[in-house]
Amino acid sequence: MLALLLATFTTMAVANAQGDKPNIVILLADDLGWEDVSFHGGEIRTPNIDKLAREGVELDRFYVAPVCSPTRAGLMTGRWPIRFGLMRTVFPPWRQGGLDTSETTLAEVLGQAGYEHRGIFGKWHLGHSDIKYHPLRRGFTEFMGHYNGAIDYFAHDREGELDWHRGYESNYDKGCTTDLIADAAVSFIKEHAKGAAPFFCYVPFNAPHAPFQAKPEDAKPYEDLEAVPGEWPGDVIRLDDSGSGLEQRRNSRRILGGMIAALDYSVGRVLEAVEETGEGDNTLVLFFSDNGGVRGIGSNAPLREGKATTFEGGIRVPAAIRWPDGFDGGRKLSAPLAFVDVLPTLMRILDIQDHGGKPLDGIDALDLLTGAEDEVDREIYSYTGADGEETEQVSYTDGEWKLMVTGPSLADRRVDSDKRKILLFQILEDPNETTNLANRRPDVALKMFVQAQKFRELQPPDGLPPYDEGREGFVAPKEWLMPGK
């Protein structure tokens, strides 16, 4: 009887979407650590994000890529970004190229589904070298924000040039980027919430990504925060009380507290705007971070390590989703979900059978969100290699096991096995990755190694090169205006 009721409820959720499609708001934090939200017990207060998690479904095992651009690419396409060469690292300022124009984006799919207004406010980070990579050419109808990562929060520049735009043009508005992004998102919601068509509002904040900058009033409550010590076995960060590195990390964490406070306040403003329009019940709101926090400054405890690694601290992030008309909140979902699942799940909600693009890697998670199911059989892959093919990391999670391989590229089958380090964790029992079982269970390790190798071999030859390639001698274009028509 219970199963029948749950199945009926799921059918009602989809039927609701067919008759009255939900507005969709995606709030993306940048480098937010696992423990840097108070609903995970952190010392930085995040009441608005906490409220969203409390009222919605807390996604306890939500996985992303280890760094920024790949997560954004997978969110937009529903595909592992390694397939189109966008998983090794991020788009630095000196990089040509962008998100493969043959890939179909989430914004394009929603446009075809009747979402007339599709706004992006914040950090794009999916290509800036040609106008064809611009958000307004990738399915969005409105854009305000920046193309690069790591822009100055107050000067709005990167590499000495203004990177702050409205549409295709430079934007000279003054203020903290976190506040300005929220301003734009709130205006968009208030303008379009009462329209005949539903809206899509994507809000990729740049907070709390470096540079570590905050308004004094936001940082003041956190002036006593201490730097995060090395907390995980094998942590590459070593903090020395006698060195300047510790003080730098201590000061950065104090500023980080203010940055997260501003982020949380801005999230609250967006959520309040949704409620004020009367559209709260039929607005689906998803919040998550694009990767884990920077080790030693952000806190990913008790997870191991952080950003730019495929350990849990780098790829398992705070996340929550709320849609009162679609499913009950007040629950925690422990099934593993991933950034590539967003597109196929929205397709199910909107009854889109074929999105017209390439095959998706993500899964439809609606039955998990409604409670019709509480478990899922799925695989999670991750990969990073910003410094080149000699120091890559690949991970593969399947059920109770997680394999991680570090060292030379798995795509190079000539490499001696002793040059790589193999880690095997029973991830459900050991989520903090403290005990390597590779030597005890070589049968499991070998089987998973083969799958991880196949995944790494998906990367095309023209994929993103290492981060620093092309950096020397680079001069930023005037105000980062994209060439082309």
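Here, the structure is the one placed above.
Residues numbered from 1 in each chain as written. Predicted model: local features only at pLDDT ≥ 70, side-chain atom pairs only at ≥ 80, totals over all residues. Heavy atoms only, no water.

**Remarks on the pattern of salt bridges**
- All told, the structure shown has 37 salt bridges when counted by the stated rule.
- Measuring nitrogen to oxygen at the nearest pair gives 2.8 Å for the salt bridge that ties R79 to E103. Here R79, found in the loop between α3 (68-77) and α4 (106-112), pairs with E103, found in the loop between α3 and α4; they are 24 residues apart in sequence, far enough to count as distant.
- Using a relative accessible area of 3% as the deciding quantity, one classes E103 as buried.
- We note a salt bridge from E433 to K402, for which the minimum N-O separation is 2.8 Å. (Salt bridge = Lys/Arg side-chain N within 4 Å of Asp/Glu carboxyl O. Helix = DSSP H or I, 4+ residues; strand = E, 2+ residues; numbered from the N terminus. Buried < 20%, exposed > 50% of the residue type's maximum accessible area, 1.4 Å probe, protein only.)

**Structural notes on the side chain of R250**
- Structurally, R250 can be placed in helix α7 (residues 244-276).
- Leaving out residues up to four positions away in the same chain, R250 has contacts with L225, E226 and A227. (Contact = heavy atoms within 4.5 Å.)

**Side note on the sheet that holds strand β12 (residues 316-317)**
- Strand order in the open sheet formed by three strands is β12-β3-β15, and the pairing between neighbours is mixed. With partners counted over all chains shown, the strands left at the sheet margins are β12 and β15 (337-338), one partner each.
- Bridge count between strand β3 (residues 62-63) and β12: two bridges; the pairing is antiparallel. Looking at β12, one finds that Y63 is bridged to R316. (Pairing = 2+ DSSP bridges.)

**Some remarks on empty space enclosed by the protein**
- Going through the model one piece at a time under the given rule, you end up with two cavities of 30 Å³ or more.
- For the largest cavity, the calculated volume is near 140 Å³.
- Taken together, 13 residues make up the lining of the largest cavity; nearest its centre are L286, I321, V342, T345 and L369.
- Counting only elements with at least two residues in the lining of the largest cavity, the list comes to β11 (283-289), β15 and α9 (342-349).
- Here the lining of the largest cavity takes three residues from α9, the largest share from any one element.
- Its residues placed into classes, the lining of the largest cavity shows 11 nonpolar, one polar and one charged.
- Quantified by volume, the second largest cavity comes out at close to 50 Å³.
- Looking at the second largest cavity, the residues that line it are Y153, C176, T178, A207, Q213, A214, K215, D218, G258, M259 and A262.
- Looking at the lining of the second largest cavity residue by residue, the class counts come to six nonpolar, three polar and two charged. (1 Å grid on protein atoms, 1.4 Å probe; cavity = no way out; pocket = protein on both sides within 12 Å on 5 of 7 lines; lining within 4 Å. Points joined across faces, edges and corners; volume = space filled by probe spheres on them. Nonpolar A, V, L, I, M, F, W, Y, C, P; charged D, E, K, R; others polar.)

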